[in-house]
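# Summary of the model geometry
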Amino acid sequence: MKHLLSIDELSADELRELLRMTPSFAEVASRRIAKVPALRGLTVATLFYEDSTRTRLSFEVAAKRLSADTLNVAVKSSSVNKGESLRDTAETIEAMGIDAVVMRHASSGAPWQLTKWVGASVINAGDGWHQHPTQALLDCFTLQQQFGDLDSRHIVMVGDIKHSRVARSDVEAFTKLGATVTLVAPPTLLPPATNTWPVTISHDLDAALIDADAVYLLRMQRERQREALVPDMREYTALYGLTAQRASRLSTSVPIMHPGPMNRGVEIAADVPDLDQVVVVDQVRNGVAIRMAVLFMLLGSGGSAALPVLEAVVDDPDQQVDESAVAV
Ligand code: CP
């Protein structure tokens with residue numbers, strides 16, 4: 001596999017294989033020097049046309065932990081501001097000898113376009129409302145940590161489904177792994193095509209939560225809404241927010257997830273994120289390990305065919321960075 005653009009390009013077996021690889025990469029983080037030489041000599045560029053904290057930073061950390069060089073194209077202070085096109089920006093980066101471009105863009109499909117212009121691997125870090133594949137992978141990994149297996153688990157996703165690339169990617173990934181998904185939102189925050197999605201639709205959050213194994217809250221994406229889709233935010237929060245009262249009715253074994261950034265007081269009450277069953281920080285931590293696995297799969301010698309070698313690469317002391325050399 002050369003690129004990672006969407007979840008539907010991964011078979012269930014490939015998805016499971018990536019998840020199986022991830023603990024080895026997570027283990028690297030616990031080392032005194034959290035670094036392995038798996039991608040030494042390669043360069044990973046991040047090209048974000050939309051804001052990001054978690055995704056951009058975690059790709060950067062992931063690449064550094066694999067010893068790749070990193071290059072962050074600060075779009076807001078780059079020649080994009082002088083009108084440079086995506087194609088010219090891409091070809092400029094390519095000319096510098098980049099091996100992978102991690103791209104976020106407001107337009108759905110932009111990463112597919114990028115693959116036509118660069119020889120490097122392209123990783124979709126979020127394109128419009130469309131896909132956010134590494135978010136889905138880290139969410140599956142986080143749920144696996146909770147359940148062991150997603151098969152037959154019931155995941156309730158609630159909030160602004162219409163504008164959510166996370167919902168589109170997660171639904172595909174969760175159902176590929178055998179989970180059932182209920183989407184809860186007002187009709188105005190659901191996309192028209194959900195009848196073709198492998199989900200149940202509900203407008204009653206309290207009913208959906210009764211047999212939820214996990215609750216996944218989605219941010220109200222006001223920056224993408226061109227019309228008033230919710231007449232009153234207080235009413236929205238009362239009907240679709242995870243209030244303290246709703247959270248108190250959940251079993252403490254039900255993980256509460258959110259991709260971030262959270263709108264405290266809108267989709268989640270201000271103090272609910274402090275509950276022990278909220279796994280938002282685990283999601284962020286797992287994001288680094290999953291992105292290491294993705295970078296290794298795409299750029300590591302042998303790509304996905306090298307999976308059996310992975311543990312050897314990560315665990316073989318001879319392959320680890322010479323700590324004394326680093327200290328010097
Ligand atoms: N979850 C997520 O994509 O967060 P960022 O926008 O901070 O990258």
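Residues numbered from 1 in each chain as written. Predicted model: local features only at pLDDT ≥ 70, side-chain atom pairs only at ≥ 80, totals over all residues. Heavy atoms only, no water.

## Points about the pairing of strand E2 (residues 69-73)
As a reminder of what qualifies: Criterion used throughout: strands pair if DSSP finds at least two bridges between them. Working definition: helices are DSSP H or I runs of at least four residues, strands are E runs of at least two. Numbering for both runs from the N terminus. Clockwise travel from the first strand over the helix to the second, with the strands pointing away from the viewer, marks a crossover as right-handed.
As defined by bridge partners, strand E1 (residues 43-48) adjoins E2 across five bridges and the pair is classed as parallel. Within the sheet, the bridge partner assigned to Thr43 lies in E2 and is Asp69. This β-α-β element, E1 to helix H2 (residues 54-65) to E2, shows right-handed connectivity.

## Here's the deal with the nonpolar core
For clarity, the cut-off: Among the buried residues, those of types Ala, Val, Leu, Ile, Met, Phe, Trp, Tyr and Cys that are joined through side-chain atoms within 4.5 Å form a nonpolar core. Remark: exposure states derive from per-residue accessible area (1.4 Å probe, protein chains only) relative to the maximum for the residue type, with buried under 20%, exposed over 50%, and partly exposed in between. How far each domain reaches was decided by an automatic or database domain assignment. Contacts are assigned to residue pairs with any non-hydrogen atoms lying within 4.5 Å of each other.
Leu137, Met157, Phe174 and Leu295 are the most contacted members of the largest nonpolar core, which totals 87 residues. Per-element tally for this core: the top contributor is helix H10 (residues 280-299), with 12 residues. There are two domains that each give this core at least three residues, and those are domain 1 (7-132 + 286-325) and domain 2 (133-282). Leave out the neighbours within four places in its chain, and Leu295 touches Leu39, Val44, Phe59, Ala62, Ala63, Leu66, Ile123 and Gly300. Formed by 17 residues, the second largest nonpolar core is a distinct cluster that contains Ala45, Val75, Ala120 and Val122.

## Quick look at the environment of Thr142
Secondary-structure assignment places Thr142 in helix H5 (residues 133-147). For Thr142 and Leu19, which are 123 residues apart along the polypeptide, the C-alpha to C-alpha distance reads 9.9 Å. Excluding anything up to four places from it in sequence, Thr142 contacts Met257, Val279, Asp282, Gln283 and Asn286.

## Considerations on the environment of Pro192
As for its placement among the helices and strands, Pro192 is situated in the loop between strand E6 (180-184) and strand E7 (200-202). Remark: the alpha-carbon pair of Pro192 and Lys162, spanning 30 residues in sequence, is separated by 8.3 Å.

## Focus on the packing of aromatic side chains
The line we're drawing: When two rings of Phe, Tyr or Trp (its six-membered ring) have centres within 6.5 Å they constitute a pair, described as stacked for plane angles under 30 degrees, edge-to-face for angles over 60, and tilted for the intermediate range. For a Lys NZ or an Arg CZ to count as sitting over a ring, it must be within 6 Å of the ring centre and within 35 degrees of the ring normal.
Taken as a whole and assessed by the stated rule, the structure comprises two aromatic pairs. For the pair Phe25 and Phe296, a centre-to-centre distance of 5.8 Å together with 50° between the ring planes defines the contact as tilted. With a gap of 271 residues between them, Phe25 in helix H1 (residues 12-29) and Phe296 in helix H10 connect regions that are remote in the sequence. Taking relative accessible area as the criterion, Phe25 reaches 0% and is therefore assigned buried. By relative accessible area, which is 4% here, Phe296 ends up buried. In this structure, Arg153 is placed above the aromatic ring of Phe147, and the distance from its NZ or CZ to the ring centre is 4.4 Å.

## Remarks on H10
This is how the line gets drawn: Every helix has an expected span of 1.5 Å times one less than the residues it contains. In this scheme, the bend at a residue equals the angle between the axes fitted to the seven residues that finish there and the seven that begin there.
Taking 1.5 Å of rise per residue, the 20 residues of H10 would be expected to cover 28 Å, and the 28 Å separating its terminal C-alpha atoms lies within 8% of that figure. Most pronounced at Asn286, the bend in H10 amounts to some 25°. Taking burial as the measure, the 20 residues of H10 include 16 buried ones, the bulk of the element.

## Remarks on the sheet that holds strand E4 (residues 121-127)
So the rule is basically this: Orientation is described by axes fitted as lines to C-alpha atoms, over the contacting stretch for helices, and by angles from 0 to 180 degrees between their N-to-C directions.
Pairing in this open sheet of four strands is parallel, and the strands run E2-E1-E3-E4 from one edge to the other. Where the open sheet ends on each side, the last strands, each with one partner, are E2 and E4. If you compare each strand with its neighbour and ignore which way they point, the axes differ by 15° on average. Along the sheet, helix H3 (residues 86-95) makes contact with E1, E2 and strand E3 (100-105), crossing E1 at roughly 160°. Sitting on the sheet, H10 touches E1, E3 and E4, and the angle it makes with E4 is about 145°.

## Overview of the site of the ligand
What counts is decided by this rule: Distances are taken per atom, and a residue is near a molecule or strand as soon as one of its heavy atoms is within 4 Å of it. Side-chain atoms alone can form a polar contact between residues adjacent in sequence; in general such a contact is a pair of N or O atoms within 3.5 Å, and within protein one must be able to donate a hydrogen while the other accepts it. Where accessible areas are quoted, they stem from the Shrake-Rupley method and a 1.4 Å probe; at the residue level, only the protein chains shown are allowed to cover. The nonpolar class holds Ala, Val, Leu, Ile, Met, Phe, Trp, Tyr, Cys and Pro. Asp, Glu, Lys and Arg form the charged class, and all remaining residues, Gly among them, are polar.
If you check the shell around the ligand, you find Ser52, Thr53, Arg54, Thr55, Arg104, His132, Gln135, Pro259 and Gly260 and nothing else. Note that an oxygen atom of the ligand is positioned 2.9 Å from one of the side-chain N or O atoms of Arg104. With respect to the ligand, the side chain of Gln135 contributes an N or O atom lying 3.0 Å from a nitrogen atom. For the ligand, whose unbound accessible area comes to 260 Å², protein coverage reaches 91%. Among the residues making up the shell around the ligand, the classes are represented as one nonpolar, six polar and two charged.

## Regarding helix H8 (residues 233-240)
Turn by turn, an α-helix covers 3.6 residues, leaving residues three or four places apart pointing in a common direction. Stated formally: The arc in question is formed by the directions pointing from the helix axis toward the C-beta atoms.
Among the residues of H8, Tyr236, Thr237 and Tyr240 are the ones counted as buried. Seen from one end, H8 has its buried residues packed into an arc of 100°, which puts them on one side. Measuring from the backbone nitrogen of Arg234 back to the side-chain oxygen at the start of H8 gives 2.8 Å, which picks out Asp232 as the cap.

## Concerning the sheet that holds E6
Whenever strands of a sheet pair, they do so through backbone hydrogen bonds, lying parallel or antiparallel. Spatial ordering of the open sheet is given by E7-E6-E5-E8-E9, a layout of five strands whose pairing is parallel. Only two strands of the sheet have a single partner each, and these edge strands are E7 and strand E9 (256-257). Bridge analysis of strand E8 (residues 214-217) against E9 gives two bridges, and the strand direction is parallel. From the neighbouring strand, Tyr216 faces E9, where its bridge partner is Met257. Sheet strands touched by helix H6 (residues 165-176): strand E5 (154-158), E6 and E8. Its angle to E5, the strand with the most contacts, is close to 175°.

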